[in-house]
Amino acid sequence: MKKSLLIFILLFSSVVAFAQQTISGVVTDKQSKEALPFANIFISTSKGTITDAEGKFTLNLKQNISSIKVSYIGYKTITVPVDQNTTFLKIQLDPSQEALDAVVLYNKENPALQIMRDAISNKKLNDPERKLKTFKLNSYNKLLVTANPDSINGQIDSIYTKKDGKLVFKQVDSSNYSFKKDITRSHIYMTEKVSEVSFSAEKGKREKILATRMAGFKEPIYEVLGIKIQSFSFYKNKYELFGTSYTGPMAGNALSKYNYKILDTVSNSNRESYMIYYSPKKKGKTSGLEGILYIDRESYALQKGIAEIKGVIDIKAVQNFEYNEAFAVWFPTDKEIQIRKGKTDDSVSLFGQTIKVQRGQVQDSTKTVRSNKQDVDDFVYLSSKTQNFDLTINEPVKIRGRGLAIEIDEQAHDRSQEYWNRFRTDSITKRGKETYVVLDSIIAEDGVEKDIYLARKLLKGYYPTKYIDLDLRYLLKYNNYEAFRLGLGGVTNANFSTKYRINGYGVYGTRDKDFKFGVGAAARLDKRTQTWFGVSYTDDLVETGSSRFITDRRAFSLFEPRLFNIDLFYETRRLTANIEHQITAKTHANLMISKSNVESTYDYGFVKGGEIFNAYEITEAIFSVQWNPFSEYMQTRHGRNEIKKGFPQFAFQATQSFDGLLGGNFNYTKLDFRMVHEIRPIDKGVTSFLIKGGLGLGDIPISHLYHTSPNNPNKDVLLQRFSIAGRNSFETMYFNEFFSDKFAMFQAKHQFKPFKITRGFRPELTLISRFAIGDAKDIDRHLGQQFNSLRHGFSESGFEINKLFAGFGLSFMYRYGAYHLPKFEDNLSFKFTYYFSLGF
C-alpha cells in the first residue's frame, strides 16, 4: 500500500512539474556580447521579472503564453515568440540612440542623479511615517527554510576511487535520496506570525504580535522575534537586513554612497515610474547593498524597492507599494526576503558579524568519482514573506506608553486554528502542517526547548531550578582582603510568581573569616510600566571610593578583573527601600532611600566640626535615570528585553545625604553622569567612548568619594604587578593613590578586526587612551589614609592584544603627563586580559 502511494505521489509530482513550464535565459548586448543586468522581461503589461546581475532570468509559467517583451534603457525593445517547447532563450538587444522620454540631461549629468535628488528631497511628502498622522494595519508573516523537491536529484550516490585508470567501488551515499524524501514531506523549518502595526506621529510605530508559532516550540524564542530581518521602509537613512544596518539608497547622504543608473520606465497601477539601479561607489571588504528603486514619475515616491547582497550567501529583499488615492500616498503592501548560498567568495555581514566561507582543500577528482555530483546545499533557501492588510489611515490609534518597538500578547503562543485561519493571507499547505508535526516531535524528544531555556539562564548568570534561579555570581570570587569569597545566592523565578520576587545570598571570606549576607523582596505594582517596589537588607563589604548607578542592569561575568587586587573595603549594614519605574521603554528610573551603618576595615577617621568619626551612619536618598534613546525594546509575558543596543546611552544620578535624619551624621550632595557610545562600521572594527563625571558637595567621608577605577597593585617591581587588566579601569593608576570629590574621565578605544593568522589563531588589537582630572577639598580632614588629588590631570595610553590563547591576551599601558613617575618602569603596566566568547 505504502509503495503504491509513493509511486502515485511521484507520478503526480511529475505531472504537476510538466504542467508548469519554466523558461530561463540570458539577455546580452548584441554588439559587445556583455550581459545586461536588471533588464525587464514582461509576460503581460503588469507581470514579469527582471534579469539578475549576470543578465540571467527564469520565468515559472502557470499558463501558456505566446511571447515575452524585453526592454532596457538605451536599447530597442523587442518581442520574442515562445511556445510550450521553449525552455531557454538567448536574447540580444540592439543599442538605441533614442533618449529616455521626459528625462532631461542637466549639463550632461547622469539623469538618475537628479531623479534621486528629487526623490530624497520629497521624502517628507511621500514617506507614510512622515506624511500621515496615523495608520494601523494587520500583517501576516511566514518564514520557511526549505528547498524545492523537484530540484533535487534523489538518486543514491555511488562513490568510487580511481586506481590505475580503473574505478573501484568504495561506498554508497544516500544523503541526497534521504534529503529529497524528507523535503518532499515537510520543510526544514517554519514559523508564522500575525501582528498589529500601529503608528502615530506623536508616539511612533509599535508592533503588537497577536499570534506566533515556531515549529517545535510550545513558547517562541523571544530573542528571534526581536530580530529585524527586513526594514519596514526604504525611506529611512538606514536599511536593515538580518540585523545589519546599511546606508539606505534614499538616505540623506545616499548620493555620496551609491552610483545610480536609469534602466527603464515601467507602469504600475496606471502610473509610470523610473526604474533606477543603485550600487555602492566603494567596494568594501564585505558586500554592499545594491538593487533597484521604482520612482514614481509624478510624485517621486517609491513604488517598489529591491535590495540585494551578493557574496558567500545571497540576500534579496523586495518591497511593494500600492497607491492610495484617498490620501495620495504610496503605502507598503508586502515584502519578501530570501537568503541562499551565494556564488562568490565575497564576505557578507549578518547581525553585524562578517560571514565568510572557510573553503577546505578540494579533493582530487582523479581519485574520487561520484555518480551524483549534486550538492543539496545549493538548493536550500530561507524565505520570509509579509503581507499587510486591513489598513486604516488617519483614524485614532491607541499606543500605550512610548519607546516600545514590539509588544507580544500573553496569549500569542496559544492561539487556536480558527484564530490563525482568520488572519492567514497565505493558506498553510499539507507540507507546512507536516513541518509542525515533524519538528514538534523531534524537538520534544531531544529536549531542545529545555536546553535553550537553560542556556538563556546561564548566559545571565543563573542556574534554574523549579522555583528558584541560583545566582552564579556568588559561587567564587577573590580579592586581597577576603582572599577567596565563597557563597551561594538565588532569586525566585516566574514559576514562583510573576508579581512577587524574593532574593538572597550568603558568602564567606577565607582570610577575614567573616560571613556576609543580603536579603530582599519586591512586588510589581504595574506590569506595563514595570513598576516594582522593593526592600532589602545587606551586611557586606563595599570597595572604598566606588560608586554605581542604581539603574544599572544586572551584569554577569566569569570573574571581575579589578576585584583581584582590591584591598580597601568598608563594612556596611544597609537597609533600603526603592521603587523602579519605566518612564518610557527607553527611560528607566529608580528612587532609593537607604540607612547605612559604616565602619572601615582600615585605619581611618573623618574630621567634622572638631569630631573624628571612625564609624558613622549615613541616610541617603538616590534618584537615578538611565536613558537609551537609540535602543529598541520588546515586551513579553516574562518582562522587557533590549532587542537592539543603540548608542549613545546616558545615565544621571543625584544623591542627597541628610544630617540628623534617622541618625545620619553627614550632609552632602553628589551628582553623577555617564555617557557610553560605540561606532560599529560594517567590517571595520569597533570604536567606543566612555565619559564619566561626578560632583560632590558637603561632608563626604573617604568611603563615599570617587576613585576613578584604579587597577595597579602597590608593588615595587613591574612583574610583581602582573595581574588582570580591567575593562574600563586605569591600569597604571595605583590602588588608593587618588580620591576625589569632583572628577571627570574620558576613555577612547578602538578594537581592530581580528588578524586572521590561522583558522584557530585570530588575535585582536585594541588601542586605548584614558584621561582623568579632578580635585579633593580639604584632604587633611581624612586621617589615616594618604592620597592625592587629580587636579593636574592623569593620562595613560597603550594597547591590548586579546585572544592569543583560549580567550587570554596581554595588556600594555604607559603613564605620562603631570603624574609621570621618575622611575621609568613605575609608569608601565603589563598584565593579561581575558575575554570570554561562546564562538557565535
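This write-up is about the structure you can find in this document. Since we're looking at a predicted model, the values are computed, not measured.

What follows covers helix α9 (residues 448-459). Under the 1.5 Å per step criterion, the end-to-end length of α9 is 16 Å for twelve residues, consistent within 8% with the ideal 16 Å. Positioned one or two residues after α9, G461 has a phi angle of 90°, which is positive.

It is worth spelling out the packing of aromatic side chains at this point. Counting across every chain of the model gives 36 aromatic pairs. Put simply, the rings of F722, F799, F808, F812, F830, F832 and Y834 pair up and form one aromatic cluster. The ring of Y323 carries R271 above its face, with NZ or CZ at 4.3 Å from the centroid. One residue, R415, lies across the ring of Y419, its end atom 4.3 Å from the ring centre.

The sheet built from three strands is open, its strands ordered β4-β1-β7 with mixed pairing. The strands lining the two open edges of the sheet, one partner per strand, are β4 (56-61) and β7 (88-93). Along the sheet, successive strands turn relative to each other by an average axial angle of 25°, direction set aside. As defined by bridge partners, strand β1 (residues 21-29) adjoins β7 across six bridges and the pair is classed as parallel.

Below, the discussion takes up the sheet that holds strand β5 (residues 67-71). Taken together, the four strands give an open sheet; going across it, the order is β3-β2-β5-β6, and neighbouring strands pair in antiparallel fashion. A strand with exactly one partner marks an edge of an open sheet, and here the two such strands are β3 (48-50) and β6 (78-81). Between one strand and the next, the sheet's axes are offset by a mean angle of 20°, whatever the strand orientation.

Counting 69 residues, the largest nonpolar core has V27, I68, I91, L241, I276, L289 and I315 as the members making the most contacts within it. Leave out the neighbours within four places in its chain, and I276 touches A112, I115, M116, Y260, K261, I262, G291, I292, L293 and I295. Core analysis: the next-biggest nonpolar cluster, separate from the first, contains 18 residues, L144, F217, L225 and I443 among them.

With that out of the way, let us pick up the packing of helix α5 (residues 175-185) against helix α8 (residues 430-446). Contact pair α5 / α8: the axes reach a minimum separation of 8 Å and the direction vectors enclose 110°. Of the possible angle classes, the one that applies to α5 and α8 is roughly perpendicular. Between α5 and α8, the contacting residues are I183, T184 and R185 on the first element and R431, E434 and V438 on the second.

Residues K203, K398, R400 and R528 make up a contiguous surface patch of positive charge. Residue placement: K398 occurs in the loop between β24 (381-393) and β25 (404-408).

Okay, the pattern of salt bridges next. All chains considered together, the criterion is met by 46 salt bridges. A salt bridge links K236 to E129, with the nearest nitrogen and oxygen atoms 3.5 Å apart. With K236 in the loop between α6 (222-225) and β13 (238-241) and E129 in helix α4 (residues 128-131), this residue pair connects regions lying 107 residues apart in the sequence. The class for K236 is partly exposed, based on a relative accessible area of 32%. Of the charged contacts in the structure, one is a salt bridge between E240 and K644, with a shortest N-O distance of 3.5 Å. Placement of the pair is E240 in strand β13 and K644 in strand β39 (residues 639-644), with a sequence separation of 404 residues. Members of the salt-bridge network, linked through shared partners, are E482, R485, D512, K516 and D540.

Bringing the pairing of strand β44 (residues 730-734) into the picture now. Within β44, five of the five residues are buried, which leaves the element mostly enclosed by the surrounding structure. Pairing between strand β43 (residues 710-712) and β44: two bridges, direction parallel. Bridge pairing in β44 places P710 opposite F730.

On to the side chain of R674. Tracing the sequence through the fold places R674 in strand β41 (residues 668-679). Under the relative-accessibility criterion, R674 is labelled buried at 16%. Within the structure, the side chain of R674 is placed 3.2 Å from the side chain of Q626, a separation counted as a polar contact. Excluding its chain neighbours within four sequence positions, the residues that come into contact with R674 are F549, D552, Q626, Q649, F650, A651, L690, I691 and K692.

Omega for the peptide link from F647 to P648 comes to 0°, which places this bond in the cis form. For P648, the location among the structural elements is in the loop between β39 and β40 (649-657). If you check the backbone angles, Y300 has positive phi at about 60° while not being a glycine. Of note, D778 is a non-glycine position whose phi angle comes to about 55°, a positive value. Relative to the helices and strands, D778 is located in the loop between β46 (764-775) and β47 (782-783). Residue class for D778 comes out partly exposed when judged on its relative accessible area of 38%.

Quick notes on the rules
Residues numbered from 1 in each chain as written. Predicted model: local features only at pLDDT ≥ 70, side-chain atom pairs only at ≥ 80, totals over all residues. Heavy atoms only, no water. Helix = DSSP H or I, 4+ residues; strand = E, 2+ residues; numbered from the N terminus. Expected span 1.5 Å × (residues − 1). Phe/Tyr/Trp six-rings, centres within 6.5 Å; stacked < 30°, edge-to-face > 60°. Lys NZ or Arg CZ within 6 Å of the ring centre and 35° of its normal. Pairing = 2+ DSSP bridges. Axes fitted to C-alpha atoms, helices over the stretch in contact; angles between N-to-C directions. Core = buried A, V, L, I, M, F, W, Y, C linked by side-chain atoms within 4.5 Å. Buried < 20%, exposed > 50% of the residue type's maximum accessible area, 1.4 Å probe, protein only. Contact = heavy atoms within 4.5 Å. Parallel < 35°, antiparallel > 145°, perpendicular 65-115°, else oblique. Patch = residues over 30% accessible without salt bridge, like charges linked within 9 Å, V, L, I, M, F, W, Y side chains within 5 Å. Areas by Shrake-Rupley, 256 points an atom, 1.4 Å probe, with all protein chains shown as cover. Salt bridge = Lys/Arg side-chain N within 4 Å of Asp/Glu carboxyl O. Lys, Arg positive; Asp, Glu negative; His and termini not counted. Charge placed at Lys NZ, Arg CZ, Asp CG, Glu CD. Polar contact = N/O pair within 3.5 Å; in protein donor to acceptor, adjacent residues only side chain to side chain.

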